[in-house]
Amino acid sequence: MFIIKSSAINIASILLLLIYLSIGDVSANESSPIIQKKDNVIIIVADQMRRSAMGFWSKPEFKNQLNGVSDPVFTPNIDELAARGVIFNNAISNYPLCSPFRGMLMSGIYPNKNGVSNNTRKDRDIGLKLDIEAITDVLFQSGYNTSLFGKGHWHVNKPLFDENGNYKGTDKSPGGHFIKDTDYDTYIPPGKSRHSIEYWYQNVSHNHKNPVIYSSDPTAIDGKKDGEAYRNGIYSTVSQADQIIEYIENSRGQRDSSKPFSMLWAMDPPHNPYDSINDTDEEIYNTYYKDVDIDKILNRPNVDKETAKKYAKFYFSMITLIDREIGRVVKTLQEQGLTENTLILFTADHGEMMGSHGKMHKNDIYEESLSIPFIVTYPNKLSHRVDNLLISVPDIMPTVLGLLDISNEIPTEVDGVDYSSILIDPNNTKVARPTSSLYIGKIGELGVRTHQYTYAINKNGALIALYDNQQDPYQLTSLTFKDIPNENSNLLKKELGCWLTSIDHSVVTEKKFPKMITYPTQPNSCETH
């Protein structure tokens, strides 16, 4: 008889040996599956923040990387993301308006087909189509925890609430009311309209310091149910960051810790109102902006200072506020050891005119409205650089999925392009770089933006914008086709025709405005679209 003297160490060793012998050498067996946990992803969307409103642009290493002057804004945490990530200096919001951006972000499809062709204000039958497979649907099906913090703003807005903003799901009493304090947004109830988002913490309205909150987490809203209106009197971005930090820490089991997490953080600021100190953080305002000369704040040559001087300091202080909250979240990732395996994409739904050309807000062809920040930080795969790729909003969905190694799950209906190979290697020629980006604007405006030009026509086919952004970065001189070389005007017309054809836009059927749009005659004449 073979006798083993009992010992915890010996018994454990023998058990390990038996397990090893039973399964064999996994590393030597190529057919054996190797389970590897996927990386996390956080998509951060500021509201109404233009590309120039990031402090790092003023640093010497970024000289000549921004077309025009940098805004004098303090953003140390965004700067740190930029220092570690890929910065796109030609990203635009193809339809520079809140809801259309979100429709494109979620679906990877342009507004003419995704159902979000304008803002989701009341009395409009506009909302993201329920049968669209959104980025959150794909992530959920790929084994991710899914979450939203902040704005939804892609759902059809109906009077389905009681007088206190509680969701009733009917326009009959006690329903029949819209949410007070907003005409443009609404609560998104559980079901298909949430597109597989599990953890829900939605803010509605632009009351920065006391928005209406709806959540699937009763603990986050003082025990209320999903659909019951709640206000906590905390600045929206601060409250969102608080909940995000707890979600990352998984302090009360908000997510399945065995899965990676995905997060859409859609902030409200620096969207107006930015009328007074009540719209921002007083300490930030007093520290960084209060005593700065307005001529230094409004430093663009095309600005009408009288239009914007009342608002500019509050606006930029709100950007510093959201930067502070981003810093809190990034610090939590570091503390949890999640920095290296978390993809962070920071962008905005559109820019802000802030007095340029005498205008305020957004939904305009000008650069201040059209251009957006776009930074992707992903230590596992990406190295720091500035890239001039003409990346568009519908490209976000396929590119993020590509970076996460689930490009095989990109829906076939997507209009956007997976540029993950270019993000990983700027010299990669697997995917062609686009020659232009498509512009879809208010009241039927259409156009393109190339590295050099901005070109747009109105719903009647009349020229409304032609600017040489290299020679005229502040778009002070409106051109005609006679002012530019024929090959350039021909390219702009061809690019617009290719884009509209590729997305099945309605103008293509009737071949409208042939003097302004050149429609493709050969299948291979639009290779980058």
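Relevant structure appears above.
Note that the structure is predicted; figures quoted are calculated from it, not measured.

Rules used throughout
Residues numbered from 1 in each chain as written. Predicted model: local features only at pLDDT ≥ 70, side-chain atom pairs only at ≥ 80, totals over all residues. Heavy atoms only, no water. Helix = DSSP H or I, 4+ residues; strand = E, 2+ residues; numbered from the N terminus. Buried < 20%, exposed > 50% of the residue type's maximum accessible area, 1.4 Å probe, protein only. 1 Å grid on protein atoms, 1.4 Å probe; cavity = no way out; pocket = protein on both sides within 12 Å on 5 of 7 lines; lining within 4 Å. Points joined across faces, edges and corners; volume = space filled by probe spheres on them. Salt bridge = Lys/Arg side-chain N within 4 Å of Asp/Glu carboxyl O. Pairing = 2+ DSSP bridges. Axes fitted to C-alpha atoms, helices over the stretch in contact; angles between N-to-C directions. Contact = heavy atoms within 4.5 Å.

1. Quick word on unusual backbone geometry
1) Next: The omega torsion of the bond from Ser 173 to Pro 174 falls at 10°, within 30 degrees of zero and hence cis.
2) Next: Counting through the fold element by element, Pro 174 comes out in the loop between strand 3 (145–150) and strand 4 (199–204).
3) Next: Unlike most non-glycine residues, Asp 222 shows phi in positive territory, near 60°.
4) Next: In this structure, Asp 222 sits in the loop between strand 5 (212–215) and helix 6 (236–249).
5) Next: Residues other than glycine seldom take positive phi values, yet His 361 does so here, at roughly 75°.
6) Next: Residue His 361 is classed as partly exposed on the basis of its relative accessible area of 28%.

2. What about the layout of surface pockets?
1) Next: In this structure, the largest pocket spans a volume of roughly 580 Å³.
2) Next: In terms of lining, the largest pocket is formed by 33 residues, of which the most central are Leu 97, Asn 118, Asn 119, Arg 124 and Asn 363.

3. Structural notes on the pattern of salt bridges
1) Next: Considering all chains together, one arrives at 25 salt bridges under this definition.
2) Next: Here Asp 415 ties to Lys 113 by a salt bridge, and the two come within 3.0 Å at their closest N and O atoms. Here Asp 415, found in the loop between helix 12 (396–403) and helix 13 (420–424), pairs with Lys 113, found in helix 4 (residues 111–114); they are 302 residues apart in sequence, far enough to count as distant.
3) Next: Residue classification places Lys 113 among the partly exposed positions, given a relative accessible area of 26%.
4) Next: For Asp 217, the salt bridge is made with Arg 252, and the minimal N-O distance between the two is 2.6 Å. Residue Asp 217 is found in the loop between strand 5 and helix 6, and its partner Arg 252 is found in the loop between helix 6 and strand 6 (261–266); the two are separated by 35 residues along the sequence.
5) Next: By relative accessible area, Arg 252 is classed as partly exposed at 31%.

4. Focus on the pairing of strand 13 (residues 463–468)
1) Next: Pairing geometry for strand 12 (residues 453–457) and strand 13, over 5 bridges, is antiparallel. Bridging across to strand 13, Tyr 453 finds its partner in Asp 468.
2) Next: Counting the residues that bridge the hairpin from strand 12 to strand 13 gives 5 residues, and of these Gly 461 lies at a positive phi of roughly 85°.

5. Structural notes on the sheet that holds strand 8 (residues 374–377)
1) Next: With mixed pairing, the 9 strands of this open sheet are ordered in space as 5-4-3-6-1-7-8-2-9. Because the sheet does not close on itself, it has two edges, and the strands there are strand 5 and strand 9 (385–387). Each strand axis lies, on average, 15° off the axis of its neighbour in the sheet, ignoring direction.
2) Next: Of the pairings in the sheet, the one linking strand 2 (residues 86–88) to strand 8 comprises 2 bridges and is antiparallel in character. Looking at the pairing, Ile 87 lines up with Ile 375 of strand 8.
3) Next: This element, helix 6, spans strand 3, strand 4, strand 5 and strand 6 of the sheet and lies at about 175° to strand 6.

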